[in-house]
Amino acid sequence: MQVARGSRQLARSLGPSRSRAARCSRESNHNLAVRTLTSTHARRAEEEPTVVTPPAPAPKNGRWRSFLQNLGRLTLATIVVSSGTFYYITQQDRNPGTQLPYDPDKKTVVVLGSGWGATSLLKTMDTTDYNVVVISPKNFFLFTPLLPSVAVGTLSARSIMQPTRYVTRHKQREVTVIEAEARAVDPIKKTVTFTDDSEIQGTVSTKTIPYDYLVYAVGAEVQTFGIPGVQEKACFMKEIQDAEKMQRRFMDCMESAAFPGQTPDEVERLLHMVVVGGGPTGIELSGEIHDFLEDDLKSWYPELASKIRITLVEALPSVLPMFSKQLIDYTESTFKESKIEIMTKTMVKEVKDKSVVLQMPDKSIQEVPCGLVVWAAGNKGRKITQDLMGKIPSVQTNRRGIAVDEHLRMLGADGVFAIGDCTATSYAPTAQVASQQGAYLARVFTQMAKKDNLEAKLRGLETRAPTVVSEEDQKAFVAELDSTKKQIEMVKLRPFHYSHQGSLAYIGSDKAIADLPFMNGNIASGGVATFLFWRSAYLSTLFSLRNRVLVGNDWLLTKFFGRDVSRD
């Protein structure tokens, strides 16, 4: 019994050992088989030739996709940076900083006018050296070359107007801006009298102030040559109200011609537009009216558009006398294609309610029916200019305007400078000339302030001379005195020199002409490319980013939606 029990226990104890041994044997055999198989494959791999699998080809559009992604990132970054810069500049313009206050120890400069010359002066002048006062019946600067575009609705009036305070508030010292009409200038007492002519006035509407220096830049008014009816019945093209008046009358002619029952002769009369003056203003206005007709009136007035006539009247043998013969011929051929009639060597004798009387080249008189006459011919001095010249009759004898010297100082008047269209110089009365005169005068004032400061320093040194005792101090004092005198001698005013930058004119049909100086000659060009240059040149000439954005936006809106034909 005990032997049997022991045998069973031995069997039980040996059972698990046998099973473990069996499992170990199977695993060993399996591993041996795997190693054998692996070595077999390795030997086969060594015996067989190696085949290199080429990498999968890159997608053909991978580079293009990468280029587009980089372009998108660059475009996004450009938009963000440009928008941020634009916002920063506009906020700087809208929020000018603090300015230096009025300084009673500084000299006073009074500027009459807010046109090209005066605005160029204010924009360039260093106001820390002077107390500046601006007196003008308009509290804004008007970009006059684009007035014809306002007259037909291509641009809005506000787009080419720049408030004078926008310029003066960004100067270092306070500039006083007074909206008033200058009535009289006394060159002996050095005073200016001005009046508030606005609709709403305070208890004080007339005042006289003194000046140390006067910048006379009142411009000119329209020259009618005493022709009957011009002042009363014609439209001008000089101020913003002139362009708005012409636009109202033009649309009035259109609506009156569309009124039922009008005779064919009356419709033809109402739709005949006469522009007098073959200079840049008359040419550009004729071109703008033609564009208005082709781009808009044919769509909204199809029954009348074919009956609209445009006639340009010029007393000289050709239009645009300041341009080259090649560009004059190009303009005339373009107008002929546009069916704009040019009448040269023709003079206006009278403007009536429903017609204009012309003297033809053969001296015959002809009365031409028309609905609208626009006068864009000639300038003359204002009444205040004639009065000022009359106070110095021995020197101011030129009937065209104020006579000035090479530094733009008015002859016969101490401390008076005259710039712009009110002067009689060898230069044409253009915006380009007035702008350069204003910038030049700003440099003159800087030089004069420098000289005044040096002379004040010299007077102080001479006053201090008796107090210098020691020999060493005397040597240093004499050296400083001589240095100051030499600096005063070096301050010299250079004469004004006009640099002609070229002439531009828009002639309609998305074409323009340009006569530009190059080396010792000129470059004459015309066409669509010149039209794009004309627009870019005018955009860059505008005085502020605000005006550039407004004008560019108006051009885009006109291109997309056309001009407005409503009438207020």
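Scroll up a little and you will see the structure.
Residues numbered from 1 in each chain as written. Predicted model: local features only at pLDDT ≥ 70, side-chain atom pairs only at ≥ 80, totals over all residues. Heavy atoms only, no water.

Undergrad: Is there a simple way to think about the pattern of salt bridges in this case?
TA: Pairing is possible between side chains that carry opposite charge, provided their charged atoms lie close to one another. For the structure shown, the criterion picks out 19 salt bridges. A salt bridge links Glu239 to Lys138; its shortest N-O distance comes to 3.1 Å. Here Glu239 is found in the loop between strand 11 (235-236) and helix 7 (240-257), whereas its partner Lys138 is found in the loop between strand 2 (130-136) and strand 3 (140-142), with 101 residues between them in sequence. For the salt bridge of Asp414 with Lys190, the shortest nitrogen-to-oxygen distance reads 3.2 Å. With Asp414 in the loop between helix 11 (383-390) and strand 20 (416-418) and Lys190 in the loop between strand 6 (181-186) and strand 7 (191-195), this pair connects stretches of sequence that are 224 residues apart. What makes Lys190 partly exposed here is its relative accessible area of 22%. Within this structure, Glu268, Arg309 and Glu341 form a network of salt bridges that share partners. (Salt bridge = Lys/Arg side-chain N within 4 Å of Asp/Glu carboxyl O. Helix = DSSP H or I, 4+ residues; strand = E, 2+ residues; numbered from the N terminus. Buried < 20%, exposed > 50% of the residue type's maximum accessible area, 1.4 Å probe, protein only.)

Undergrad: Just to check I follow, could you spell out the nonpolar core for this structure?
TA: Soluble globular proteins tend to pack their nonpolar side chains together in the buried interior. Residues Leu146, Ile160, Ile240, Met246, Phe250 and Met254 are the most contacted members of the largest nonpolar core, which totals 66 residues. Once you skip the residues sitting within four places of it in the chain, Met254 turns out to touch Leu271, Leu297, Tyr301, Leu304 and Ile308. By size, the runner-up hydrophobic cluster in this structure holds 52 residues, among which are Ile209, Ile384, Tyr440 and Phe496. (Core = buried A, V, L, I, M, F, W, Y, C linked by side-chain atoms within 4.5 Å. Contact = heavy atoms within 4.5 Å.)

Undergrad: Looking at this model, I keep getting lost on the sheet that holds strand 9 (residues 213-216). Mind explaining?
TA: Where strands meet in a sheet, backbone hydrogen bonds hold them as pairs that are either parallel or antiparallel. Spatial ordering of the open sheet is given by 5-2-1-9-20, a layout of five strands whose pairing is parallel. Each edge of the open sheet is held by one strand with a lone partner, namely strand 5 (175-179) and strand 20. Recorded for the sheet is a direction-independent mean angle of 15 degrees between the axes of neighbouring strands. In the sheet, strand 9 pairs with strand 20 via three bridges, with the strands oriented parallel. Bridged to Val215 within strand 20 is Phe417. Against the sheet, helix 3 (residues 116-124) makes contact with strand 1 (107-112), strand 2 and strand 9, and its axis sits at roughly 145 degrees relative to strand 1, the strand it touches most. Together, strand 1, strand 2, strand 9 and strand 20 form the strand contacts of helix 12 (residues 431-464), whose direction differs from that of strand 9 by roughly 175 degrees. (Pairing = 2+ DSSP bridges. Axes fitted to C-alpha atoms, helices over the stretch in contact; angles between N-to-C directions.)

Undergrad: What is the right way to look at the sheet that holds strand 21 (residues 503-508) in this model?
TA: Sheet architecture is open: three strands sit in the order 21-22-23, paired in antiparallel fashion. Strands at the two margins of the open sheet, each flanked by one partner only, are strand 21 and strand 23 (521-527). Strand-to-strand twist across the sheet, computed as the mean angle between neighbouring axes with direction ignored, equals 15 degrees. In this structure, strand 21 lies alongside strand 22 (residues 511-518), joined through five bridges in antiparallel fashion.

Undergrad: Can you walk me through a nonpolar patch on the surface in this structure?
TA: Residues Trp64, Phe67, Leu68 and Leu71 make up a contiguous nonpolar surface patch of about 410 Å² in total accessible area. Position of Trp64 relative to the elements: it lies in helix 2 (residues 62-94). (Patch = residues over 30% accessible without salt bridge, like charges linked within 9 Å, V, L, I, M, F, W, Y side chains within 5 Å. Areas by Shrake-Rupley, 256 points an atom, 1.4 Å probe, with all protein chains shown as cover.)

Undergrad: Hey, could you run me through the packing of helix 3 against helix 12 in this one?
TA: Relative placement of two packed helices is described by the angle separating their axes and the distance separating the axes. Between helix 3 and helix 12, whose axes approach to 7 Å, the crossing angle comes to 35 degrees. Here the hand of the crossing between helix 3 and helix 12 comes out right-handed. Across the interface between the two elements, Trp116, Gly117, Ser120, Leu121 and Thr124 of helix 3 pack against Ala431, Ala434, Ser435, Gly438, Ala439, Leu441, Ala442 and Phe445 of helix 12. In terms of residue class, the contact of helix 3 with helix 12 is built from eight nonpolar, five polar and no charged. (Left-handed = near helix turned anticlockwise from the far one by under 90°. Nonpolar A, V, L, I, M, F, W, Y, C, P; charged D, E, K, R; others polar.)

Undergrad: Looking at this structure, I do not really get the packing of aromatic side chains. What am I missing?
TA: By convention here, two paired aromatic rings are described through the distance between centres and the angle between planes. Enumeration over the complete set of coordinates arrives at 21 aromatic pairs. Plain terms: the ring middles of Trp116 and Phe143 are 5.3 Å apart, the flat faces sit at 55 degrees to each other, and that makes the pair tilted. Of the two residues, Trp116 is situated in helix 3 and Phe143 in the loop between strand 3 and helix 4 (147-151); the sequence distance between them amounts to 27 residues. With a relative accessible area of 13%, Trp116 lands in the buried category. Pairwise contacts between aromatic rings join Trp116, Phe141, Phe143, Tyr506, Phe531, Trp534, Tyr538, Phe543 and Trp555 into one cluster. If you follow Arg535 out to its NZ or CZ, it ends over the ring of Trp555, 4.2 Å from the centre. (Phe/Tyr/Trp six-rings, centres within 6.5 Å; stacked < 30°, edge-to-face > 60°. Lys NZ or Arg CZ within 6 Å of the ring centre and 35° of its normal.)

Undergrad: How do you make sense of the side chain of Thr311 when you look at a structure like this?
TA: With respect to the helices, strands and loops of the structure, Thr311 is situated in strand 13 (residues 309-313). The class for Thr311 is buried, based on a relative accessible area of 2%. Within polar-contact distance, the side chain of Thr311 engages the side chain of His272 at 2.7 Å. (Polar contact = N/O pair within 3.5 Å; in protein donor to acceptor, adjacent residues only side chain to side chain.)

Undergrad: Help me understand helix 10 (residues 325-337) in this model?
TA: Helical periodicity: at 3.6 residues per turn, an α-helix aligns residues three or four positions apart in one direction. Spanning 13 residues, helix 10 covers 19 Å between terminal C-alpha atoms, matching the ideal 18 Å at 1.5 Å per step. Among the residues of helix 10, Leu327, Ile328, Thr331, Thr334 and Phe335 are the ones counted as buried. For helix 10, the buried positions fall inside an angular range of 130 degrees around the axis, keeping them on one side. Every exposed residue of helix 10 that faces more than 90 degrees away from the buried side is listed here: Lys325, Gln326, Lys336 and Glu337. Looking at the buried residues of helix 10, the elements they touch are helix 9 (280-300), strand 13, strand 14 (340-343), strand 21, strand 22 and strand 23. (Expected span 1.5 Å × (residues − 1). Arc of directions from axis to C-beta.)

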